Amino acid sequence: MNKKIANKVAIHQPNFFPWLGYFECIDIVDMYIFLDDVPFGSKPKRMNRNFISNHKGEKKNFTMSVSTPSLDSEIRDCKVVRDPFFFHYRDLLKENYQNAPFFKETFKIIDEIYEFKSDSVSDFNINLVTLICAKIGIKTSFRISSKDFNCRCRPTESHILKILKKAKASDFYGAKRGIEVGLYNHLNFKKEKINIYKQEFIHPNYNHRNFLPYLSIIDLLFYNFDNALEIIRTGRNWVKLN
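**A short note on the pairing of strand β3 (residues 49-53)**
Then comes step 1: With four of five residues buried, β3 is to be regarded as a mostly interior element.
Then comes step 2: As paired strands, β3 and strand β4 (residues 59-63) are joined by five bridges and run antiparallel to one another. The partner of N50 across the bridge, within β4, is F62.
Then comes step 3: The turn linking β3 back onto β4 is made up of five residues, and G57 within it adopts a positive phi angle of 85°.

**Observations regarding the environment of D123**
Then comes step 1: Tracing the backbone through its elements, the reader meets D123 in helix α4 (residues 121-136).
Then comes step 2: Separated by 21 residues in sequence, D123 and I144 place their C-alpha atoms 9.8 Å apart.
Then comes step 3: Filtering out sequence-adjacent residues up to four positions away, D123 remains in contact with F116, S118 and K147.

**Concerning the sheet that holds strand β7 (residues 141-144)**
Then comes step 1: The mixed open sheet is built from six strands, whose spatial order is β7-β2-β1-β8-β9-β10. Among the strands making up the open sheet, the edge pair consists of β7 and β10 (238-240). The average angle at which neighbouring strand axes cross in this sheet is 25°, direction not considered.
Then comes step 2: As paired elements, strand β1 (residues 8-12) and strand β8 (residues 171-174) share three bridges and run parallel to each other. Considered in β8, the bridge of K8 is made with D171.
Then comes step 3: Most of the contacts of helix α1 (residues 20-28) go to strand β2 (residues 31-34), to which it runs at about 130°, and overall it touches β1, β2, β7, β8, β9 (195-199) and β10.

**Description of the state of the cysteines**
Then comes step 1: Counted under the stated rule, the structure contains zero disulfides.
Then comes step 2: The structure places no disulfide on C25, whose sulfur is separated from the nearest cysteine sulfur, that of C133, by 11 Å.

**As for the pattern of salt bridges**
Then comes step 1: Tallied over the full model, the rule gives 11 salt bridges.
Then comes step 2: Note that E74 and R76 form a salt bridge whose closest N and O atoms lie 2.8 Å from each other.
Then comes step 3: A relative accessible area of 10% places E74 in the buried class.
Then comes step 4: Salt-bridge contacts for E192 lead to K165; the nearest nitrogen and oxygen are separated by 3.6 Å. Of this pair, E192 sits in the loop between α8 (186-191) and β9 while K165 sits in helix α6 (residues 156-166), and the two are 27 residues apart along the sequence.

**Comments concerning α6**
Then comes step 1: Among the residues making up α6, those that are buried are E157, H159, I160, L161, I163 and L164.
Then comes step 2: In this fold, the buried residues of α6 make contact with β1, β2, α5 (145-148), β8 and α8.
Then comes step 3: Phi turns positive one or two residues past the end of α6, at K168, with a value near 60°.

About the cut-offs
- For every chain, the first residue of its written sequence is number 1, and the numbers climb from 1 along that sequence.
- Per-residue local features are limited, in this predicted model, to residues with pLDDT of at least 70; the limit for side-chain atom pairs, both in listing and counting, is 80 or more; totals at the level of whole chains, interfaces and linings are taken over all residues.
- Where side-chain values are given, they derive from all heavy atoms of the structure, hydrogens and water being excluded.
- Burial classes: relative accessible area under 20% of the type maximum marks a residue as buried, over 50% as exposed, and values in between as partly exposed (1.4 Å probe, protein chains only).
- Secondary structure is summarised from DSSP: a helix means a run of H or I of at least four residues, a strand means a run of E of at least two, and numbering begins at the N terminus for each.
- Pairing between two strands requires that DSSP report at least two bridges joining them.
- The contact definition used throughout considers only heavy atoms, calling two residues in contact when any of these lie within 4.5 Å.
- Angular values range over 0 to 180 degrees, each being the angle between N-to-C directions of two axes fitted as lines to C-alpha atoms, with helices fitted over their stretch in contact.
- The disulfide definition used here is simple: a pair of cysteine sulfur atoms within 2.5 Å.
- What counts as a salt bridge is simple: a side-chain nitrogen of Lys or Arg found within 4 Å of a carboxyl oxygen of Asp or Glu.

Spatial relationships are all this shows, so hold off on functional conclusions.
Put into structure tokens, the structure is as follows:
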């Protein structure tokens, strides 16, 4: 991996077939750190659920069954449940997107993702995110919090700040919700001489007969695989908080 100092860093849980804004965040930073050493919490979460569009243009759940030993279990300790529903949702994509212009190219990626052997939720989602990034042209460097930083501290903000200092970050790019629910205090980042930016992603429209915003990136790929990254970048909008 690239050893240069990562000035711009984002840290987020490894999500399940995330939305466009998740990938825009990856694209803007030098280093993206998958946060796998925090509690999974109560289900459902974005680590095992997202949304797609069916052939009628309706928003539908797209999920993966997950086994969590306890509510305190960290993401890396949770397991993918390969029950009948595991492949049911993969086949649901075929049912609803088989007439999409980039069905063949996208479903090939889906098959590769579902053939991934690890039952770790963290490993499964990290693999799918990094694979999609490679396919659409995102060249960001990736790290995993538990393996590359091992910063065992709470609360979440202290955990994040410790990781950022180890990564030698000058700028932290944070998800809008995490900032708005009070996970981070921009003054604490200022004390550590780290700039903090909040994502205000402006969801782009794209070529789709039954377009709906805020779906999984899968929807974009099936209809606009050849210029997916270009479309994602049009929604870029970040606000500096300190």
